[in-house]
Amino acid sequence: MRPSPSSQTIGMAVLLLAVPFLLAAPDARAQSAPAAAASVAAPPVDLPATNSSADAPAGASSTDQVDLDDIRNFSRVYEVVRQAYVEKVDNKTLMKAAITGMLSGLDPHSEYLDKDGLAQLSEDTTGEYSGLGIEVLQVDGGLRIVSPIDDTPAARAGIKPGDSIVKINGALIDAQNVDEMFKQLRGKPGSKIDLTIVHQNSDKLIDLHLVRQNISISSVKVRELEPGYVYVRISQFQDDTAGDLEQKLGQLIAKNGPPKGAVLDLRNNPGGLLTAAVGVSDDFLDAGTIVTTRGRLQDANMSFNAHPGDQLGGAPMIVLTNNGTASAAEIVSGALKDNRRALVMGQRTFGKGVVQTVLPLDAEHAVKITTARYYTPNGTSIQAEGIKPDIALADLTVNPSDRGPVLISSEADLPNHLANEKAQAGTDINDDGSAADAKLATSDYALSQALNVLKGMALRRPAAVRR
């Protein structure tokens, strides 16, 4: 694995580029670490004193003091809620709600984290948690299985994509309790849980008795689309994403030789750690700026540059994006596009161009707050605009056309045709690759188009550097 992408340190806090999962995929819940986050075991960060104009961040005004009338209004509202709200609310709950409201009023990504929030954050960053190994979607007040993860309790029990969870531990799921029921899917390793499910297009209830276990989720998948062309799928940016990519891609190249080209699939990737995005970008670049960040605090101003060592040896690349490509995934897309390392295909990305920093308050509480904007190598901020693809692709599906068999499709079908004297024995002239292309197009139209463009780019590459 290469050295750290920058000589600058992030300090005691951890930078995040994670879009909340519900923004990237509305109404979705995941047991498979939906968005990346960060460990916050570091001690509290020293922030500038609010009463010292000398220590205040640039641009702060010494006259920007809290108005006493505002303090009085806050106290009055607090007391009104405490005394008059329809149900009694304890002071601790009210104070937490006040802090949460203050942060949520800033932007959609800043939030207050308690002990449970920090635990969830750590799980999301590492991709490790204790549960059943299923990704769950909330649909019409119920829970539907998106997919089970290989070699997990859910997969071994026969749970399939499209299944619906009807009961958990005997309790029926409905719109009123769906959030609480969802939480029950996770638990301590070795703890038991009963699910009642129904398979898609079936009305038969199936009772399953499962035992939770530690689940480790890899964010990187690498395979060959066809000889010479590599497919890399990154689902999110976790602690080990860059290292995992280097290992898996290195193994594939060692087995099959240098690739002619590669497709990097970042569709529906909600983001993750800034350092992971930088590491992945560095894996495909030999030089150039990857990303810069700028904020009010000096520690938020950083620049990350690539090091020599493109894992693909300069082979052409396509990056697939859509409206769910967000945050850290946009950093990678922007870095490869601006450095003219890859073509971006698909749809405009989500447009989250801000960085969050986790600032620990104590051992069990922290604030995740937006501290900087980030800029692509060309100096572009993609905040609320996203990255426009080089080649736009609509979100389409392809179906095979209905037509009868063709009796004569080539000279070889004509009676008494002359044979090709140089034809190789056993060669099927009808196998021109179109059948495989049709199969890929019907299963994933965007990927099939990316592969076709990639082949054209590979043909234009100088013969001396081709495989």
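Check the entry above for the structure.
One structure accompanies this document, and this report is about it.

Points about the pattern of salt bridges
All chains considered together, the criterion is met by 13 salt bridges. The closest approach of N and O atoms between Glu79 and Arg82, which form a salt bridge, is 2.5 Å. Here Glu79 and its partner Arg82 are both found in helix α2 (residues 68-84), 3 residues apart, which amounts to about one turn of the helix. Note on Glu79: relative accessible area 28%, which makes it partly exposed. With a shortest N-O distance of 2.8 Å, Asp265 and Arg267 are connected by a salt bridge. Under the relative-accessibility criterion, Asp265 is labelled buried at 3%.

Some points on the packing of α2 against helix α3 (residues 91-104)
α3 packs onto α2 with a crossing angle of 135 degrees between their chain directions and a minimal axis gap of 11 Å. The angle between α2 and α3 falls in the class oblique. With respect to the hand of their crossing, α2 and α3 are arranged in right-handed fashion. Here Phe74, Tyr78, Val81 and Arg82 of α2 come into contact with α3, specifically with Asn91, Leu94, Met95 and Ala98. Within the contact of α2 with α3, the residues separate by chemical class into 6 nonpolar, 1 polar and 1 charged.

So, the pairing of strand β12 (residues 220-226)
Two faces belong to every sheet, and in a regular strand the side chains alternate between them. Across 6 bridges, the pairing between β12 and strand β13 (residues 229-234) is antiparallel. From the neighbouring strand, Glu224 faces β13, where its bridge partner is Val230.

Some remarks on the sheet that holds strand β22 (residues 391-392)
Across the sheet, which stays open at both edges, the 6 strands sit in the order β12-β13-β14-β18-β19-β22 with mixed pairing between neighbours. The open sheet has two free edges, formed respectively by β12 and β22, since each of these has just one partner strand. Direction of pairing for β13 relative to strand β14 (residues 261-265): parallel, over a ladder of 5 bridges. Following the sheet pairing, Tyr229 is matched in β14 by Gly261. Relative to the sheet, helix α9 (residues 328-338) contacts β14, β18 (317-321) and β19 (343-346), its axis offset from that of β18 by approximately 145 degrees.

Observations concerning the packing of helix α10 (residues 434-443) against helix α11 (residues 445-460)
How two helices pack is summed up by the angle between their axes together with the distance between the axes. For the pair α10 and α11, the least separation of the axes is 5 Å and the interaxial angle reads 135 degrees. Accordingly, the angle class assigned to the pair α10 and α11 is oblique. Between α10, through Asp437, Leu440, Ala441 and Ser443, and α11, the contact on the second element is made entirely by Tyr445, Leu447, Ser448, Leu451 and Asn452. Along the lines of polarity and charge, the residues of the contact of α10 with α11 split into 5 nonpolar, 3 polar and 1 charged.

So, how was this worked out
- Residues numbered from 1 in each chain as written.
- Predicted model: local features only at pLDDT ≥ 70, side-chain atom pairs only at ≥ 80, totals over all residues.
- Heavy atoms only, no water.
- Salt bridge = Lys/Arg side-chain N within 4 Å of Asp/Glu carboxyl O.
- Helix = DSSP H or I, 4+ residues; strand = E, 2+ residues; numbered from the N terminus.
- Buried < 20%, exposed > 50% of the residue type's maximum accessible area, 1.4 Å probe, protein only.
- Axes fitted to C-alpha atoms, helices over the stretch in contact; angles between N-to-C directions.
- Parallel < 35°, antiparallel > 145°, perpendicular 65-115°, else oblique.
- Left-handed = near helix turned anticlockwise from the far one by under 90°.
- Contact = heavy atoms within 4.5 Å.
- Nonpolar A, V, L, I, M, F, W, Y, C, P; charged D, E, K, R; others polar.
- Pairing = 2+ DSSP bridges.

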